[in-house]
Amino acid sequence: MDTMDQKIDIKNFSLSELEQFLSGKGKERFRATQIFKWLYQKDARSFADMSNLSKDLRLELEQTAFISNLDASTVEEGRDGTRKYLFTLSDGEAVESVLIPDEGRNTLCISSQVGCAMKCEFCLTGTFRLSRNLTTAEIVNQVCAVRREAPVTNIVFMGMGEPLHNLENVIRAIRILLDDNGLQFSTRRVTVSTCGLVPEMAELGRAVTVNLAVSLNATTDELRDRIMPVNRKYPLKALLQACREFPLPSRRKITIEYVMLGGVNDTLDDAKRLLRLISDVPNKVNLIPFNEHEGCGFIAPTRKAIDSFHKYLIDRHVTVITRDSRGSDISAACGQLRGKLAR
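Notes on the structure follow. (Residues numbered from 1 in each chain as written. Predicted model: local features only at pLDDT ≥ 70, side-chain atom pairs only at ≥ 80, totals over all residues. Heavy atoms only, no water.)

**Focus on the overall build of the protein**
Phase 1: For the protein, the count of helices and strands is 12 helices and 14 strands.
Phase 2: Here the C-alpha atoms of the protein give a radius of gyration of 21 Å, agreeing with the 20 Å that 2.2 N^0.38 yields for 343 residues.
Phase 3: If one aligns the C-alpha atoms of the protein with their principal axes, the spans along those axes are about 70 × 45 × 40 Å.
Phase 4: Taken over 343 residues, the protein has a buried fraction of 54%.
Phase 5: Sequence separation of at least 24 residues holds for 66% of the intrachain contacts in the protein that already meet a minimum separation of 6.
Phase 6: When the accessible surface of the protein is split by element, carbon and sulfur atoms take 47% of a total near 15,800 Å².
Phase 7: Averaging the positions of the 47 positive and the 44 negative side-chain charges in the protein gives two centres separated by 4 Å. (Helix = DSSP H or I, 4+ residues; strand = E, 2+ residues; numbered from the N terminus. Rg over C-alpha atoms; globule rule 2.2 N^0.38 Å. Buried < 20%, exposed > 50% of the residue type's maximum accessible area, 1.4 Å probe, protein only. Contact = heavy atoms within 4.5 Å. Areas by Shrake-Rupley, 256 points an atom, 1.4 Å probe, with all protein chains shown as cover. Lys, Arg positive; Asp, Glu negative; His and termini not counted. Charge placed at Lys NZ, Arg CZ, Asp CG, Glu CD.)

Structure follows, in structure tokens:
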């Protein structure tokens, strides 16, 4: 067995877990804070870099632990500045991250799983099926890698995988993202998107303070059952109740994500039903025109359908953003770059 396999990846620890790990070795708790700052604020690649640790401690850490890193195996950049990163993992699997520049912010969309088990009909990632969960380190290292070449102001868990299906590692990664001794992101700048795993939504809300985005995409159980199989277990009534109960800091709203599928869920009747469904949920709506991809039977909505849907909600005082297609000249939809690699 490779000696690395016997060592602990220190980036899999939250700060409190690192404190426990070191206390088990008879070390002071403040050493964990020092190491955390080296990892996430100074981007240390080795224990030898950690100059304020004793040589004995650095040697002991080298013998029992290692610092993992990710480097992009492929990067594509679009005309609009969107960058798509493909990261090849230690076992040869691959995941994607997308950096989306906008006025006053750089949003990084990160992955939480290799593939996905949710089988949403319109989603390219779902066609890969689930290979495995990402470790905490693999989630956080996507952020560390991109920050080496560009500032990152916002994090969204909207890449490959269903974040709440890998809840333990996602929560631990969020704690590292938010920690003042870690990556120092504000709770306002971290968003977790879910297709609607109801019990896990409650668990996430109890564990950490983040923004929540719910991928709704249909206004009837009949349609949602068909395009999002998770709805058969957690139908709209249960999902919307979980949204109402999700703990939100004052004045924050749940983002209702709605992928518009041409001729499927893009009519004014759909807009009316959507308004009724979310009327008692603190919400803002993100309309996402479908990004067509090879092998999928759905088509993008027309501009007229998008504008009519948007106007209906705006006229009724709903906060609505229609997401522009970003990185359309590169493989920017989730799974496209990995799919090209596989082919």
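Having seen it, we continue.
**Points about the packing of aromatic side chains**
Phase 1: Per the counting criterion, the structure on display carries 5 aromatic pairs.
Phase 2: Measuring from centroid to centroid gives 6.1 Å for Y85 and F87, while their planes differ by 5 degrees, and the two rings are stacked.
Phase 3: Consider the rings of Y258 and F309, whose centres lie 5.2 Å apart with planes at 35 degrees: the pair is tilted. In this pair, Y258 is assigned in strand β12 (residues 254-260) and F309 in helix α11 (residues 303-314), connecting sequence segments 51 residues apart. As far as burial versus exposure is concerned, Y258 and F309 are alike and both buried.
Phase 4: Positioned over the ring face of W38 is K42, at 4.2 Å from the centre of the ring.
Phase 5: Residue placement shows R316 over the ring face of Y312; its charged tip is 3.7 Å from the ring centre. (Phe/Tyr/Trp six-rings, centres within 6.5 Å; stacked < 30°, edge-to-face > 60°. Lys NZ or Arg CZ within 6 Å of the ring centre and 35° of its normal.)

**Considering the pairing of strand β11 (residues 211-215)**
Phase 1: With respect to burial, β11 is a largely interior element, 5 of its 5 residues being buried.
Phase 2: Residues N211, A213 and S215 line one face of β11 and the alternating positions L212 and V214 line the opposite face, and both faces are buried.
Phase 3: Across 4 bridges, strand β10 (residues 190-194) lies against β11 in parallel orientation. Bridge pairing links S193 to A213 in β11.
Phase 4: Following the backbone out of β10, through helix α7 (residues 198-207) and into the adjacent parallel β11, one traces a crossover that is right-handed. (Pairing = 2+ DSSP bridges. Right-handed = clockwise from strand over helix to strand, strands pointing away.)

**Structural notes on the sheet that holds strand β5 (residues 94-102)**
Phase 1: Taken in spatial order, the 10 strands line up as β3-β4-β5-β6-β9-β10-β11-β12-β13-β14 in an open sheet, and their pairing is mixed. For this open sheet the edge positions go to β3 (72-77) and β14 (320-322), each flanked by a neighbour on one side alone. Neighbour-to-neighbour, the strand axes of this sheet turn through a mean angle of 20 degrees, independent of strand direction.
Phase 2: Taken together, the 3 bridges between β11 and β12 define a ladder with parallel strand orientation. Among the inter-strand pairings, S215 is bridged to a residue of β12, identified as E257. (Axes fitted to C-alpha atoms, helices over the stretch in contact; angles between N-to-C directions.)

**Looking at unusual backbone geometry**
Phase 1: The backbone phi angle of D43 is positive, close to 55 degrees, even though this residue is not glycine.
Phase 2: Checked against the element boundaries, D43 lands in the loop between α3 (30-40) and α4 (55-64).

**A few points about α4**
Phase 1: All of the buried residues along α4 are L57, R58 and L61. Buried residues of α4, viewed axially, fall in a sector of 100 degrees; they line one side. Residues of α4 that are exposed and point over 90 degrees away from its buried face: K55, D56 and Q63.
Phase 2: Here the buried face of α4 lies against α2 (15-23), α3 and β2 (65-66). (Arc of directions from axis to C-beta.)

**Here we look at the pattern of salt bridges**
Phase 1: Within the structure shown, the criterion is met by 18 salt bridges.
Phase 2: The salt bridge involving K84 is made with E96; its shortest N-O contact spans 3.0 Å. Of the two residues, K84 sits in strand β4 (residues 83-88) while E96 sits in strand β5, which places them 12 residues apart along the sequence.
Phase 3: A relative accessible area of 3% means that E96 is categorised as buried.
Phase 4: Through salt bridges with shared partners, a single ionic network connects D43, R45, D71 and R148. (Salt bridge = Lys/Arg side-chain N within 4 Å of Asp/Glu carboxyl O.)

**Quick look at the side chain of D179**
Phase 1: Note on placement: D179 falls in the loop between α6 (167-178) and β10.
Phase 2: Separated by 2.8 Å, the side chain of D179 and the backbone nitrogen of N181 make a polar contact.
Phase 3: Beyond its immediate chain neighbours, meaning those up to four positions away, D179 contacts L15, F36 and Q184. (Polar contact = N/O pair within 3.5 Å; in protein donor to acceptor, adjacent residues only side chain to side chain.)

**So, helix α5 (residues 136-147)**
Phase 1: The terminal C-alpha atoms of α5, which comprises 12 residues, lie 17 Å apart, in line with the 16 Å expected from a rise of 1.5 Å per residue.
Phase 2: Counting buried positions along α5 yields 11 of 12 residues, so the element is predominantly enclosed.
Phase 3: Those residues of α5 lying buried are T136, A137, E138, I139, V140, N141, Q142, V143, C144, A145 and V146. (Expected span 1.5 Å × (residues − 1).)

**Description of the environment of D49**
Phase 1: By the secondary structure assignment, D49 is in the loop between α3 and α4.
Phase 2: Looking at D49, the relative accessible area reads 38%, which means it is partly exposed.
Phase 3: With 10 residues separating them along the chain, D49 and L39 place their C-alpha atoms 9.9 Å apart.
Phase 4: Setting aside residues no more than four positions away along its own chain, D49 makes contact with W38 and A44.

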